[in-house]
Amino acid sequence: MDRVALRGLKARGHHGVFPEERKEGQTFVVDLVLGLDTRPAAADDDLAKTVHYGIVAEEVVAVVEGEPVNLIETLAERIAQVCLKHEGVEEVEVAVHKPDAPITVPFDDVTVTITRSRV
């Protein structure tokens, strides 16, 4: 299976279990790896035979900016389902980063990574 990756998609969302997270919001970063067969697109040099990663990026940002959820696990699942709606995408790995998570000790990042497929 071939891979198309989008890394570092940034959007402001209001996800989290604490009221201040819901009210103030914060930046979330999303990395995607889409699994698909790119041979038909490459053979015909045809965008219609692959995934349009620009559209995927816009849809993912819309999910992050959309309806708030408590957990980034839930957010990752919603993003995965949006990606799998694209014809040809057989598998997706989604990493949701929450670099401004409300943690009381120094840290670089909090990330949840999931892999989903059409199986």
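Residues numbered from 1 in each chain as written. Predicted model: local features only at pLDDT ≥ 70, side-chain atom pairs only at ≥ 80, totals over all residues. Heavy atoms only, no water.

**Q** Outline the nonpolar core, listing residues and values.
**A** Within the largest apolar cluster, 30 residues are counted, with the highest numbers of intra-cluster contacts made by V30, L32, L34, I79, V94 and V96. Sorting the residues of this core by element identifies β1 (2-13), β2 (26-36), α3 (53-65), α4 (72-84), β3 (91-97) and β4 (111-117) as the ones contributing at least two each. Looking at this core, the element that brings in the most residues is α4, giving eight residues. Here V30 is in contact with L6, R7, G8, L9, V60, V64, I79, V94, A95 and V96, once residues within four sequence places are set aside. (Core = buried A, V, L, I, M, F, W, Y, C linked by side-chain atoms within 4.5 Å. Buried < 20%, exposed > 50% of the residue type's maximum accessible area, 1.4 Å probe, protein only. Helix = DSSP H or I, 4+ residues; strand = E, 2+ residues; numbered from the N terminus. Contact = heavy atoms within 4.5 Å.)

**Q** Describe the side chain of H15, naming the residues involved and giving the relevant values.
**A** Here H15 lies in the loop between β1 and α1 (19-24). On the accessibility criterion, H15 (1% relative accessible area) is buried. Within the structure, the side chain of H15 is placed 2.8 Å from the backbone oxygen of V64, a separation counted as a polar contact. Within the local environment of H15, its side chain forms a polar contact with the backbone nitrogen of V69, the two atoms lying 3.1 Å apart. (Polar contact = N/O pair within 3.5 Å; in protein donor to acceptor, adjacent residues only side chain to side chain.)

**Q** Run through the sheet that holds β4, naming residues and quoting values.
**A** If you walk across this open sheet you meet the four strands as β1-β2-β3-β4, and the pairing is antiparallel. The strands lining the two open edges of the sheet, one partner per strand, are β1 and β4. On average, each strand axis in the sheet is tilted by 15 degrees relative to the strand beside it, whichever way the strands run. Note: β3 against β4, seven bridges, orientation antiparallel. Each bridged residue has a counterpart across the sheet, and for V94 the counterpart in β4 is I114. Running over the sheet, α3 touches β1 and β2 and is turned about 35 degrees from β1. (Pairing = 2+ DSSP bridges. Axes fitted to C-alpha atoms, helices over the stretch in contact; angles between N-to-C directions.)

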